[in-house]
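Remarks on the overall topology
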Amino acid sequence: MQARAVIAALRQGDMPDAEALAWFAQGLSDGQVTDAQAAAFAMAVCLNGLDAPARANLTRAMRDSGDTLDWSLDGPVIDKHSTGGVGDCVSLVLAPALAACGGYVPMISGRGLGHTGGTLDKMEAIPGLRVDLPEDRFRQVVSDTGAAIVSASANIAPADKRLYAIRDVTATVESLDLITASILSKKLAAGLDHLVLDVKTGSGAFMKSTEDARALAQSLVSTANLAGCQTTALISDMNAPLAPALGNALEIAEVMRVLCDGAQGPLLELSAALGGVLLANAGLAKDVDTGTQMILSAVSSGKAAEAFGKMVYAQGGPVAFAENWQRFLPEAPVIVEVPAPAPGYITQINGEALGLAVVALGGGRQVETDTIDPAVGLSDVVTLGQKVSKGQPLLRIHAAREAAAQAAAHSVIDAISIGAKTPQTQPLVIERIDG
């Protein structure tokens, strides 16, 4: 009867109170709520929406439907979340840099979704590394190294797992309210003091327009703050890959070039921007500019690389990975260059198409049970506005078989446009949204 009352209220446009939503989330978790009731709930929210207090109450209820973590550490517990893009390995640069600056980062991450790569899949390209750590080991790694990047246990926000599966088959995935509650319920279960969000917009993002990205960012920020976690969002441009590589081991290699060799570019720039906001909000820097410089200094000094190496070893990876990373990462047997068909400037890059090409190569999942090949992907991808001559490589394809490489070549050539004039571009960080 209680489930029916919640659904009826939502259908009529009324907002259930915190107690009713807490009951419903627990019912999702323990089975008191049926699949039919969960589907009706999702559709009612999708059609009529939630106001800000109800959205925060749903988020808290889903967070509290399972285990939540709390921490007793000598520094702030902080984290970052991205809405997903291509060549986006910011988490792997930022987590150790934040640890080197005095923060503690219990990063509960996800796997690849659609055309976007998953942080956990990238981490597992490192031989021996485990992301499915028991809670006591997870706590120990965070305490000892300052950061850990792991998968959510079955007991983290179980109501969200149940509801997401229902949403996936009832055409309610796009609901802004349910997206917000889904993302934040898992993040807030980690016991964070402060969170920064990277909400992406552009051809390689789920949110193609800045307006849609802004709406999601505002929903996430207001809800997280109402739920008790100080949160800021940056809207960032994803009209081109963030790193010049897509694919799990290939992106790890780009991360190590930043951490160990000081490679410059959008990957480091966005990592520093997000980290600067987080360090300032957490009181580890006097302002955002100082925090940004702290992140850059942690990278240039080698402290972030040292923290990354410690984290990798603590999670089961090779000792001294940061010093010898080239020898540990898998390599694809077939590497094919894709030449530019004409001279000119790179005017457009379809990031979603490139991401889907990586999935087709075996670097992502088309169904949940697919096994990922960590070595495949794309590298040396050209940048927007870059001038190219005819025959110059636009990118390199790393494949398990020649036939797969040739099929990918046909896909990626259509994803990169060449014109006579340099394109107009927007800043990497487009907008900041505070609570």
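Look up a bit, the structure's there.
One structure accompanies this document, and this report is about it. These numbers were taken from a predicted model, which means no experiment stands behind them. (Residues numbered from 1 in each chain as written. Predicted model: local features only at pLDDT ≥ 70, side-chain atom pairs only at ≥ 80, totals over all residues. Heavy atoms only, no water.)

What to know about the packing of helix α2 (residues 18-30) against helix α4 (residues 52-63)
- Viewed as axis vectors pointing N to C, α2 and α4 meet at an angle of 35°, and their least axial separation amounts to 8 Å. Between α2 and α4 lies a crossing whose hand is right-handed. Counted together, A18, L21, A22 and A25 of α2 and A54, N57, L58, A61 and M62 of α4 form the full contact between these two elements.
- Each residue belonging to the contact of α2 with α4 can be placed in one class, and the counts come to eight nonpolar, one polar and no charged. (Axes fitted to C-alpha atoms, helices over the stretch in contact; angles between N-to-C directions. Helix = DSSP H or I, 4+ residues; strand = E, 2+ residues; numbered from the N terminus. Left-handed = near helix turned anticlockwise from the far one by under 90°. Contact = heavy atoms within 4.5 Å. Nonpolar A, V, L, I, M, F, W, Y, C, P; charged D, E, K, R; others polar.)

Structural notes on the packing of aromatic side chains
- For the structure shown, the criterion picks out four aromatic pairs.
- Between F24 and F41, the ring centres sit 4.3 Å apart and the planes meet at 20°, which makes this aromatic pair stacked. Highlighted residues: F24 in helix α2 and F41 in helix α3 (residues 35-48), separated in sequence by 17 residues. Each member of the pair F24 and F41 is classed as buried.
- Here the aromatic cluster, defined as three or more aromatic residues joined through ring pairs, consists of F308, F321 and F328.
- The ring of W71 carries R139 above its face, with NZ or CZ at 4.9 Å from the centroid. (Phe/Tyr/Trp six-rings, centres within 6.5 Å; stacked < 30°, edge-to-face > 60°. Buried < 20%, exposed > 50% of the residue type's maximum accessible area, 1.4 Å probe, protein only. Lys NZ or Arg CZ within 6 Å of the ring centre and 35° of its normal.)

Here we look at the nonpolar core
- The biggest cluster of nonpolar side chains holds 89 residues, and the ones touching the most others in it are F321 and I397.
- Top element by residues in this core is helix α12 (residues 266-281). It accounts for nine residues.
- For I397, the contacting residues outside a window of four places in its chain are V334, I335, V336, V338, L361, G377, L378, A405, A408, A409 and V412.
- Within the second largest apolar cluster, 33 residues are counted, among which are V77, F138, V199 and C229. (Core = buried A, V, L, I, M, F, W, Y, C linked by side-chain atoms within 4.5 Å.)

Describing the packing of helix α9 (residues 176-188) against helix α10 (residues 210-226)
- Axis separation between α9 and α10 bottoms out at 10 Å; the angle between their running directions is 50°. Considered as vectors, α9 and α10 are oriented oblique to each other. Relative to α10, the crossing made by α9 is right-handed. Mapping the contact onto sequence places L176, I179, T180, I183 and L184 in α9 and A215, L216, S219, L220, T223 and A224 in α10.
- Looking at the contact of α9 with α10 residue by residue, the class counts come to eight nonpolar, three polar and no charged. (Parallel < 35°, antiparallel > 145°, perpendicular 65-115°, else oblique.)

Concerning the layout of surface pockets
- Space inside the second largest pocket adds up to approximately 500 Å³.
- Every residue lining the second largest pocket is counted, 25 residues in all, and those nearest its centre are A240, P241, L242, P266 and T383.
- Every element with two or more residues in the lining of the second largest pocket is listed here: α11 (248-261) and α12.
- When residues of the lining of the second largest pocket are assigned to their parent elements, the largest contribution, four residues, is made by α12.
- Classifying every residue of the lining of the second largest pocket gives 15 nonpolar, seven polar and three charged. (1 Å grid on protein atoms, 1.4 Å probe; cavity = no way out; pocket = protein on both sides within 12 Å on 5 of 7 lines; lining within 4 Å. Points joined across faces, edges and corners; volume = space filled by probe spheres on them.)

Digging into the side chain of D198
- The residue D198 is located in strand β4 (residues 194-201) in this model.
- Given a relative accessible area of 0%, D198 falls into the buried group.
- Within the structure, D198 has its side chain in polar contact with the side chain of K200 (distance 2.7 Å).
- A polar side-chain atom of D198 sits 2.6 Å from a polar atom in the side chain of S236.
- If we skip the residues at most four places from it in the chain, D198 touches K80, H81, S82, T83, D88, L234, S236, L270 and L274. (Polar contact = N/O pair within 3.5 Å; in protein donor to acceptor, adjacent residues only side chain to side chain.)

Topic: the sheet that holds strand β1 (residues 78-82)
- Taken in spatial order, the four strands of this open sheet run β1-β4-β5-β12, and their pairing is mixed. Edge positions in the open sheet fall to β1 and β12 (429-434), since each of these has one partner strand only. Geometrically, the sheet is characterised by an average inter-axis angle of 20° between neighbouring strands, direction not taken into account.
- In this structure, β1 lies alongside β4, joined through five bridges in parallel fashion. Opposite I78, over in β4, you have H194 as the bridge partner. (Pairing = 2+ DSSP bridges.)

A look at the pattern of salt bridges
- Per the stated rule, a full pass over the model turns up 17 salt bridges.
- A salt bridge links D79 to K187; the shortest N-O distance between them is 2.7 Å. In this pair, D79 sits in strand β1 while K187 sits in helix α9, placing the two residues 108 residues apart along the sequence.
- Accessibility expressed as a relative area gives 1% for D79, which makes it buried.
- We classify K187 as buried; its relative accessible area is 4%.
- R139 is paired through a salt bridge with E135; the nearest N and O atoms lie 3.1 Å apart. Here E135 and R139 lie together in helix α7 (residues 135-145), a separation of four residues that amounts to about one turn.
- Put simply, D88, D198 and K200 are held in one network by salt bridges that share partners. (Salt bridge = Lys/Arg side-chain N within 4 Å of Asp/Glu carboxyl O.)

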